[in-house]
Amino acid sequence: MMPIRTSQKAAQFNESVIREMTRLFLTHSGPEGVNLAQGFPDFPAPDALKEAACAAIRADLNQYAITWGAKSLREAIADKTAHHYGVRPDPEREITVACGATEAMMAALLALTNPGDEVIVFEPFYENYGPDAVLSGATPRFVRLHAPDWRLDPAELAAVFNNKTRAIIVNTPHNPTGKVFAAEELGWIAALCQKWDVVAITDEIYEHLVYEGKHLRLSDLPGMAERTVTITGLSKTYSATGWRIGWLLAPPEATVAIRRVHDFLTVGAAAPLQEGAATALRFPDTYYAELATRYQEKRDSFLAVLRSVGLTATTPPGAYYVLADASVWLKTLKLPDDKALARWLVTERDIAVVPGSSFFRVPAEGANLIRFCYCKKPETLERAAKLLTALFPGVA
Ligand code: PLP
């Protein structure tokens, strides 16, 4: 029998390496193993969030919510945005709730780009953006962030804009590097977007995880509110990655197109979970301050462990990852590259990490890099420290 023919689009990318690492971990690792690959917390989500969703389920909120988001959640998003950033988006015309920032990005690209358009992506990149561009028919164009502090070069940025450029994806705080884009860098991006009539699609899912500096929204720069789509969501700020709730803030005309695409992609996010989210978005300021403090402590202690076992990494100012140079390990273990190292760590030593090459177009660029996520309970991070120190006691 002839196999079913698959699409050209699907042939252009592979399974997510990050999620593959989690699967390998589940297959190979014992109870003492640690999964530092996929970016999800292993500690509970806030009680008030869970209780509000349970109450909604008990109240029989079982049917479709409004496709672009329950009114209660859109009102809460508007109020929270106004509280944190001083600008209140219109819940009726400028907010769309989606199934996570992941669907939000896909909906934005499908709604705002045409086949043949170019979409600028910073490299290293969150691995979804390449396939997102392919699925929307657009062509990704890459601009490098330069190690060790993942600096952006304004001349390189300017060189990639042209008449075909339709959108730029700006992820700040940034996965995998933890970079927080500076005001000056956002200014360069804003000026070029205006010069070339380009829309900025920002992924700000780590907006509350900033330890040095300040999270700045591109949409708050002069002239950018009308050409920016801001994406964020529940996953990281409220430790609920499995709830699949995110949202887009966009000018009204863009929102019409985004809502149309979103409706036919997924109809909408889970109705009772949207009620839980509406409650969480009204948490007091102390919630966000404590979240950032806890993560900063985790970052500092975990980074010290990584450095003590021979890895080098600049201190990431945001998000919850460390992208570390593992050249010393590769040499010590006589392994050829990051992929071999990641596979060896998960199959032989019960530690799941992400090979750095998955964040680059050309695998060789990330062949000495490994990404660790530290959004874990103290005991998980202690177990990780023990496993790592046992592995490489004399490297440092
Ligand atoms: N954007 C970035 C930069 C991420 O790192 C992640 C998850 O790791 C996501 C989006 C996924 O967000 P969501 O769970 O809301 O789909």
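In this text the structure is predicted, and so the values were computed from the model without any measurement.

S.K.: Sorry if this is basic, but what is going on with the state of the cysteines here?
M.R.: Working definition: the covalent bond between the sulfur atoms of two cysteines is a disulfide. All chains considered together, the criterion is met by 0 disulfides. This cysteine, C373, is not joined by any disulfide, and C375 carries the nearest cysteine sulfur, 3.9 Å off.

S.K.: Whenever I open this one, the side chain of E123 confuses me. Can you help?
M.R.: As for its position among the elements, E123 is in strand β3 (residues 118–123). From its side chain, E123 meets the backbone nitrogen of R361 in a polar contact 2.7 Å long. With near-sequence residues (within four places) excluded, E123 lies in contact with F142, V143, R144, L145, F359, F360, R361 and V362.

S.K.: Would you explain the site of the ligand in this entry?
M.R.: Around the ligand there are 14 residues in total, and A101, T102, D203, Y206 and S235 lie nearest to it. The separation between an oxygen atom of the ligand and a polar main-chain atom of A101 is 2.7 Å. A distance of 2.5 Å separates an oxygen atom of the ligand from a polar atom in the side chain of T102. Its free accessible area being 400 Å², the ligand has 93% of it covered by the protein chains. At 3 residues, the largest contribution of residues to the shell around the ligand is made by helix α4 (residues 100–112).

S.K.: Even after reading the chapter, I still don't get the pattern of salt bridges, so can you show me in this structure?
M.R.: Pairing between side chains of opposite charge can happen when their charged atoms approach one another. Going through the model one piece at a time under the given rule, you end up with 19 salt bridges. For K50, the salt bridge goes to D47, with nearest N and O atoms at 3.6 Å. You can see K50 and its partner D47 sitting in helix α2 (residues 47–58), 3 residues apart, about one turn around the helix. The exposure class of D47 is exposed, given its relative accessible area of 55%. The partner of E123 in a salt bridge is R361, with the nearest N and O atoms 2.7 Å apart. Linking E123 in strand β3 with R361 in the loop between β12 (354–355) and β13 (369–373), this pair joins segments that are 238 residues apart in sequence. Overall, R361 belongs to the partly exposed group, its relative accessible area being 48%.

How each quantity is defined
- Residues numbered from 1 in each chain as written.
- Predicted model: local features only at pLDDT ≥ 70, side-chain atom pairs only at ≥ 80, totals over all residues.
- Heavy atoms only, no water.
- Disulfide = S-S within 2.5 Å.
- Helix = DSSP H or I, 4+ residues; strand = E, 2+ residues; numbered from the N terminus.
- Polar contact = N/O pair within 3.5 Å; in protein donor to acceptor, adjacent residues only side chain to side chain.
- Contact = heavy atoms within 4.5 Å.
- Near = heavy atom within 4 Å.
- Areas by Shrake-Rupley, 256 points an atom, 1.4 Å probe, with all protein chains shown as cover.
- Salt bridge = Lys/Arg side-chain N within 4 Å of Asp/Glu carboxyl O.
- Buried < 20%, exposed > 50% of the residue type's maximum accessible area, 1.4 Å probe, protein only.

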